[in-house]
Amino acid sequence: MEQHTNTLPRLISIDDFFAPPRRTGATISPDGTRIAFLAPRGDRLNIWVQDLDSDDEPQCVSADETRSVRNHRWTDDPRWLLYLQDTGGDENWHVFRVDLEAPGAPTVDLTPHPGARAVGLEPAPGRPGVMTLLLNARDVSVFDLYEIHVASGELTLVAEGPGVGKAWVPGRDGELYCTAITEDRRFEISRRDPVSGALTPIISYDGDDNPYGVTVATMTPDGTGMWISTNRDRDRTRLVRVDLATGAETEVDSHPTLELDADRRAVADMSSPLIRDRATDELIGVRYLGERQVIHALDADFADVLAELETLSDGDIGELSSDLDGRRWVVSFTHDRDPGATWLYDHSTGERRLLFRPFPHLDPESLAPMVPVTITARDGLDLPSYLTLPVGVEPTDLPMVLLVHGGPWYRDSWGYQQVVQMLANRGYAVLQANFRGSIGYGKAHTQAAIGEFAGAMHNDLLDAVDWAVAQGYVDRDRVAIFGGSYGGYAALVGAAFTPEVFAAAIDYVGISDLENFMNTQPAFLGAGIANNWYRYVGDPNVPEQAADMRARSPISRVGNIVRPLMVAQGANDPRVVKAESDTIVAALAERGVDVDYLVADDEGHGFVNPENEITLYRTVERFLARHLGGRTA
């Protein structure tokens, strides 16, 4: 039984929580001799490379001084590394190349088109040294298919984009397939005729099943099929293979109660729900996510490897990469109190070696366990949730922060989160509820949010507060609501629609005006927005629906906001534009209401650079201490 001394552990500084990790994101080279990882160069994360079999010091191979690098990937030639970088958070990603045989040489921008966004970077099927990507340099609303010859840097147009909201998927021998959300909201796969260019539909899926259409649509290595995630005729997603010649669908794998781990939306594919063989690209494992992760091994050799990897930590397997031989593996672990511990495992020798812990200065014993709990909403819907209580004190009548995830088509998961641990360290209970609309719990759970923005979705959050109070954990008069993106909208709804419930609210890049938000979305989304925002909230082009959206917008009830509010915004945010925050702050100022407003001029939809994160959370710390009474440095 946990012992409570009624003494919180030592106060961990904001700098210690939000400074860059010492090392993170390690992947192994194709030949198994080196790892690449992210680590600070100055105060920005950059890419470093280290030999695995010598005592040589790691070498920094990128030199971004403006914005931290957040991802990288090896090519099939261990000479080259690629990474994506945007400008000030604008999400216009460029592909950069690092030459490991030219130490100190500047990185090369392989997509030097200002204002264009590169997405879908993948190896070209059957063509070593070549990558494919989608780029909207010609028309910002349409993504054209290009090839990059990595060694020369040559960028070649393969095919102009098939239209707004549509994307090419290259097959073998020049074949092209198109994925699209149709005008009637269906997710459709088509084949392009190489002569006429006409598209012939192969298979389609009901877009109503998933707000994203389909979360996995990946070509099989032989180019004859596509792996698709679908919950057609069932509540939980499963993985199927679609034959591209006939449209026939064959189940590949499923879990009786869990969904594919669609929470893993990484830029690189090392955290994908599909685990693939480095050499053959064949599918060897599938990730599922419930309270914790489950991995199904689809290959006997990988099953043996997986059994050994799972002995290295009591966390869940996170980023995972191997050499071409499948002999040496680098794996990091998701964990609530020991995040990102990264190991080398050699399956041929049994060697296992801890490479690093990203935050070695944090003692796991001083951090708070994240505990899965289930809360029943007022209409009987189960809300899978996570509760984190401060260590060392009796969990009674605590101040609490209700932390609301973004999306809303996303989910909270078990694992280390800096903000959660910072809040618990300051004496707050932290509750994260996967309200209706969250993904990962089945189609019915997600679709229960249709038409329920500022309605049943908000009631779920209120019911979560009531649950925590009823358990005796929380002082009802000291509850704050805090969230980013959709979570920021939820915080504003809490402040404006139920001002009596929350003692304070924090909106981080959140939506204040649903109609304006949808009218400022990028054109390249096309019909894709119909499956989520239009279906769940409304079409701003339909007067009756626009009126309903205004009624569900915090800006429509700004006169009700009477409790303390903090707003944080990135000036370059392309998703929730700065005007969303400006509008609500100006409306409050007009009424003489005091609001803390923090703007980062070099950030977008969420802060990346450490000095901005540290400023943000110092402000959050002080704001909550003033209004809830928690600790502060």
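Residues numbered from 1 in each chain as written. Predicted model: local features only at pLDDT ≥ 70, side-chain atom pairs only at ≥ 80, totals over all residues. Heavy atoms only, no water.

Draft legend 1. Main features of the sheet that holds strand β15 (residues 187–192). Read from one edge to the other, the open sheet built from 4 strands follows the order β13-β14-β15-β16, with strand pairing classed as antiparallel. A strand with exactly one partner marks an edge of an open sheet, and here the two such strands are β13 (166–170) and β16 (199–205). Each strand of the sheet is rotated relative to its neighbour by a mean of 25°, with strand direction disregarded. Sheet topology places strand β14 (residues 176–181) next to β15; 5 bridges connect them, and they run antiparallel. Its bridge partner being in β15, Cys 178 is matched across the sheet by Ser 190. (Pairing = 2+ DSSP bridges. Helix = DSSP H or I, 4+ residues; strand = E, 2+ residues; numbered from the N terminus. Axes fitted to C-alpha atoms, helices over the stretch in contact; angles between N-to-C directions.)

Draft legend 2. Focus on the pattern of salt bridges. As enumerated under the stated definition, the model contains 36 salt bridges in all. A salt bridge links Arg 337 to Asp 336, with the nearest nitrogen and oxygen atoms 3.8 Å apart. Classification of Arg 337 by relative accessible area gives partly exposed; the value is 26%. Measuring nitrogen to oxygen at the nearest pair gives 2.7 Å for the salt bridge that ties Glu 621 to Arg 426. Of this pair, Glu 621 sits in helix α11 (residues 610–628) while Arg 426 sits in the loop between α3 (418–425) and β32 (429–433), placing them 195 residues apart in sequence. We classify Arg 426 as buried; its relative accessible area is 1%. Shared partners join several salt bridges into a network, and the residues in it are Asp 53, Arg 327, Arg 328 and Asp 346. (Salt bridge = Lys/Arg side-chain N within 4 Å of Asp/Glu carboxyl O. Buried < 20%, exposed > 50% of the residue type's maximum accessible area, 1.4 Å probe, protein only.)

Draft legend 3. Focus on the sheet that holds strand β10 (residues 130–139). Spatially, the 4 strands line up as an open sheet ordered β9-β10-β11-β12, and their pairing is antiparallel. Two strands lie at the open edges of the sheet, namely β9 (118–123) and β12 (154–159), each paired on one side alone. Strand-to-strand twist in this sheet, taken as the mean axis angle between neighbours without regard to direction, amounts to 35°. Bridging between β10 and strand β11 (residues 142–149) involves 7 bridges; their strand directions are antiparallel. By the bridge assignment for β11, Val 130 is matched with His 149.

Draft legend 4. How the structure looks around α3. The element α3 is extensively covered by neighbouring structure, given that 7 of its 8 residues are classed as buried. Regarding α3, the residues found buried are Val 419, Val 420, Gln 421, Met 422, Leu 423, Ala 424 and Asn 425. Buried positions along α3 lie against α1 (14–18), β30 (382–388), β31 (398–404), β32, β33 (474–484) and α11. Positive backbone phi, at 100°, marks Gly 427, one or two positions downstream of α3. (Contact = heavy atoms within 4.5 Å.)

Draft legend 5. Layout of the nonpolar core. Among the nonpolar cores identified, the biggest contains 61 residues, and Met 400, Leu 402, Leu 431, Phe 453 and Trp 533 are the most heavily contacted of them. Looking at this core, the element that brings in the most residues is helix α6 (residues 486–497), giving 9 residues. Apart from residues no more than four positions distant in its own chain, Leu 402 is found in contact with Leu 431, Leu 461, Ala 464, Val 465, Ala 480, Ile 481, Phe 482 and Phe 502. With 36 residues, the next largest nonpolar core counts Ile 12, Met 566, Ala 568 and Ala 600 among its residues. (Core = buried A, V, L, I, M, F, W, Y, C linked by side-chain atoms within 4.5 Å.)

Draft legend 6. Looking closely at the pairing of strand β36 (residues 595–600). Note: strand β35 (residues 565–570) against β36, 6 bridges, orientation parallel. Bridge pairing links Gln 569 to Val 599 in β36.

Draft legend 7. Layout of the environment of Leu 381. Within the element layout of this structure, Leu 381 appears in the loop between β29 (370–376) and β30. C-alpha of Leu 381 to C-alpha of Arg 436: the two residues are 55 residues apart in sequence and 8.2 Å apart in space. Ignoring anything within four residues of it in the chain, the contact list for Leu 381 reads Ile 375, Thr 376, Arg 436, His 445 and Ala 448.

Draft legend 8. Quick look at the confidence of the model for the protein chain. On average, the protein chain scores 94 in pLDDT, and the residues at 70 or more come to 98%. Predicted confidence for residues 264–271 stays below pLDDT 50, and this span has 27 contacts to residues more than four positions away or in other chains. (pLDDT = per-residue confidence, 0-100.)

Draft legend 9. Here's a closer look at the packing of aromatic side chains. Taken as a whole and assessed by the stated rule, the structure comprises 17 aromatic pairs. Measuring from ring centre to ring centre gives 5.3 Å for Tyr 83 and Phe 96, while their planes differ by 15°; the resulting arrangement is stacked. Of this pair, Tyr 83 sits in strand β6 (residues 80–85) while Phe 96 sits in strand β7 (residues 94–99), and the two are 13 residues apart along the sequence. The rings of Trp 409, Phe 435, Phe 453, Tyr 486, Tyr 489, Phe 517, Trp 533 and Tyr 536 are connected pair by pair, giving a single aromatic cluster. Taking NZ or CZ as reference, Arg 192 lies 5.6 Å from the ring centre of Trp 168, over its face. Over the aromatic face of Trp 414 sits the side chain of Arg 292, whose NZ or CZ is 3.7 Å from the ring centroid. (Phe/Tyr/Trp six-rings, centres within 6.5 Å; stacked < 30°, edge-to-face > 60°. Lys NZ or Arg CZ within 6 Å of the ring centre and 35° of its normal.)

Draft legend 10. The arrangement of the pairing of β12 in detail. Bridge analysis of β11 against β12 gives 5 bridges, and the strand direction is antiparallel. Opposite Leu 145, over in β12, you have Ala 159 as the bridge partner. The antiparallel hairpin formed by β11 and β12 contains 4 residues in its connecting segment, where Gly 153 sits at a positive phi of about 80°.

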